[in-house]
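Structural overview
Okay, here's what each chain looks like letter by letter:
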Amino acid sequence: MLTAVTDEPLRELEPARLGDHIDRLYRAAIGLCGSHADAEDLVQETYLQVLRKPRFLRSDDDLGYLMRVLRNTFNSRYRTAARRPRTVEIEDHSERPEPRTSVRPEPAAEVAEVLAAVTALPPPYRETVAAVDLAGLSYREAARALRTREGTVMSRLHRGRAMVADALGYSS
Amino acid sequence: MVGNTHFALRVVKDMDPPADPERERFALAALRSLDEMRAPQGLRERIETERARSARGRPRRLALAGALAGAAAAVVLTLALVLPGGAGGPTVVEAAGLGTRPADSPAPAAAEPGLLDVSSGGVTFPDWEDGFGWRAVGRRVDELDGHRAVTVFYEKGGRRLAYTIVAGEALAWPDEWKQTRWAGHRYDHARQDGRLVVTWRRRGRTCVVSGGGLELERVLELAGAESFSYWPMGRS
């Protein structure tokens, strides 16, 4: 006979709460894209996709879910475009900065330099740094969003940060 | 020797850099400089506009789903009277009957591109919205003589189809249905009370799509696209 059975508990993603995550998602997007204009488009496309129909999650991790959609959208649409020649908004960094030994880099022009360093990372490291250091996800949340293991997240983060430090002229 | 050298180089390349807390702190301090970055106001306003538009559209969708569910319930009563008892286990006709029942849960979320966040018997339901315009609008879970059966309902232009995947051992192919082979797969199909019912197997599970106003060719297109989305994990 036909008998209905209960489904696993799901929670609807509340559209009203999604606005809380725009800034963090935007920072992750700009880390992935390296361009303010592309980051705006990416975040907007991400929200449009999520708002298109009701979404149901099994955890409270709204930001992690948004990050997963953002990353999928970036991979499917922006990576191909990124291979084409494009105008770079950030400053010219043709001259390598002087080696620095202090823990805190100088504030002057550092935002553009740091973004350039993140954008130059190979994709697996870039998306991990974007998820944890820019969007603020925990290792566990990042692992879910990036569909990998926590150990992989930690390893990629370690290497990604090292590459960022080197690109910014860190010298031990 | 060359191979060993290549392997050794790969091992070195894949190793984590040596721990250097100072370098890590340097990178973190640099990355913290981005914390003050805020999304542009224009972006916020566009997203808020879209969110408000989405919130206004939600009740309409639910009302439409409710009306369709009522119509489907009437068909259920009719089918319940004519369905075979199924002494030898559930039948495809019974599985198709689930598609005439109303959804009892909201639409599943989209997961990876091309897939929804719901599966049955290890087979994940497809997201047919981007490629074909069929939007998932609801679902239900039933037990069919010991087989868990998940049904996802899709809508497009006022039409509605139900896609049921029955977990467990595949159901017997129905007797005396028309059989079509397309792209190397077998599809059996028939008309039941004005609804087209098409069944096939995917990874050993029985899949059934049914609905009114459907054309066989369009259903085969959907089924064919789905088979590619699983490649190379496994085809039926």
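Being a predicted model, the structure only gives us computed values, none of them experimental.

Turning our eyes to something else, we now look at the overall build of chain B. Helix and strand content of chain B: six helices and 10 strands. Out of the 236 residues in chain B, the part that is buried amounts to 34%. By sequence separation, contacts in chain B at least 24 residues apart represent 55% of the contacts at least 6 residues apart.

Turning to the overall build of chain A, a few remarks are in order. Assigned secondary structure in chain A consists of eight helices and three strands. The N-to-C order of helical and strand elements in chain A reads β-β-α-α-α-β-α-α-α-α-α. Here chain A, with 172 residues, has 44% of them falling under the buried criterion. Pairs at least 24 apart in sequence give 70% of the contacts found in chain A among residues at least 6 apart.

Further remarks concern the confidence of the model for chain B. Residues and elements named next belong to chain B. Taken over all residues, the pLDDT of chain B has a mean of 76, while the share at 70 or more is 73%. The secondary-structure element of chain B with the lowest mean pLDDT is helix 1 (residues 2-14), recorded at 43, while strand 6 (residues 159-166) shows the highest, at 94. For the stretch residues 1-14, pLDDT sits under 50, and the model shows zero contacts to residues farther than four places along the chain or on other chains. Note that residues 59-70 has pLDDT below 50 and, in this model, six contacts with residues that lie over four places away or in other chains. Interface predicted TM-score (ipTM) for the complex: 0.77; the corresponding pTM is 0.49.

Successive side chains on a regular strand alternate, one facing one side of the sheet and the next facing the other. Residue and element names in this part refer to chain B. In terms of residue burial, strand 6 counts as a mostly covered element, since seven of its eight residues are buried. The pairing of strand 5 (residues 147-156) with strand 6 spans eight bridges and is classified as antiparallel. Bridge pairing in strand 6 links Thr151 to Thr164. In textbook terms, the turn of a hairpin is the stretch between consecutive antiparallel strands, and for strand 5 and strand 6 this stretch comprises two residues, one of which, Gly157, has a positive phi near 55 degrees. One ladder, built from six bridges, connects strand 6 with strand 10 (residues 205-212); its direction is antiparallel. In the strand pairing of strand 10, Thr164 is matched with Val208.

Looking now at the interface of chain B and chain A. Counting from both sides, the interface comprises 42 residues of chain B and, opposite them, 45 residues of chain A. Secondary structure elements with two or more residues in the side of chain B that touches chain A: helix 2 (21-32), helix 3 (41-82), strand 1 (105-106) and strand 4 (135-144) of chain B. Considering each element in turn, the side of chain B that touches chain A owes the most residues, 10 residues, to helix 2 of chain B. When the residues that make up the side of chain B that touches chain A are grouped by side-chain class, the tally is 22 nonpolar, three polar and 17 charged.

In this section: helix 2 of chain B. Spacing of three or four residues puts side chains on the same side of an α-helix, whose turn is 3.6 residues. Residues and elements named next belong to chain B. Its 12 residues place the ends of helix 2 16 Å apart at the C-alpha level, agreeing with the 16 Å of an ideal helix rising 1.5 Å per residue. Buried within helix 2 are the following residues: Arg23, Phe26, Ala27, Ala30 and Leu31. Down the axis of helix 2, the sector holding all buried residues measures 130 degrees, keeping them to one side. Opposite the buried face of helix 2, by more than 90 degrees, sit the exposed residues Pro21 and Arg32.

This part covers unusual backbone geometry. With glycine set apart, most residues show a phi of negative sign, and most peptide bonds adopt trans. Residue and element names in this part refer to chain B. Of note in this structure, Asp145 is not a glycine but carries a positive phi near 50 degrees. One can find Asp145 in the loop between strand 4 and strand 5. Non-glycine residue Glu176 carries a positive phi angle of around 60 degrees. As for its position among the elements, Glu176 is in the loop between strand 6 and strand 7 (178-182).

Further remarks concern the nonpolar core. Residues and elements named next belong to chain A. The biggest cluster of nonpolar side chains holds 55 residues, and the ones touching the most others in it are Ala28, Ala29, Val43, Ala131 and Val164. Considering each element in turn, this core owes the most residues, eight residues, to helix 2 (residues 22-33). When neighbours within four sequence positions are excluded, Ala131 is seen to be in contact with Ala28, Met67, Leu137, Ala142, Ala145 and Leu146.

All names here are of chain A. Of all residues in chain A, 74% have pLDDT values of 70 or greater, and the mean over the chain is 77. At the low end of the mean pLDDT range in chain A sits strand 1 (residues 2-4), at 40; at the high end sits helix 6 (residues 123-134), at 94. Between residues 85-109, whose pLDDT stays under 50, and residues either more than four places distant or in other chains, the model counts 31 contacts.

Quick notes on the rules
Residues numbered from 1 in each chain as written. Chains lettered and ligands numbered in written order. Predicted model: local features only at pLDDT ≥ 70, side-chain atom pairs only at ≥ 80, totals over all residues. Helix = DSSP H or I, 4+ residues; strand = E, 2+ residues; numbered from the N terminus. Buried ≥ 20, exposed ≤ 12 C-beta atoms within 10 Å, placed from the backbone. Contact = placed C-beta atoms within 7 Å. pLDDT = per-residue confidence, 0-100. Pairing = 2+ DSSP bridges. Nonpolar A, V, L, I, M, F, W, Y, C, P; charged D, E, K, R; others polar. Expected span 1.5 Å × (residues − 1). Arc of directions from axis to C-beta. Core = buried A, V, L, I, M, F, W, Y, C linked by C-beta atoms within 7 Å.

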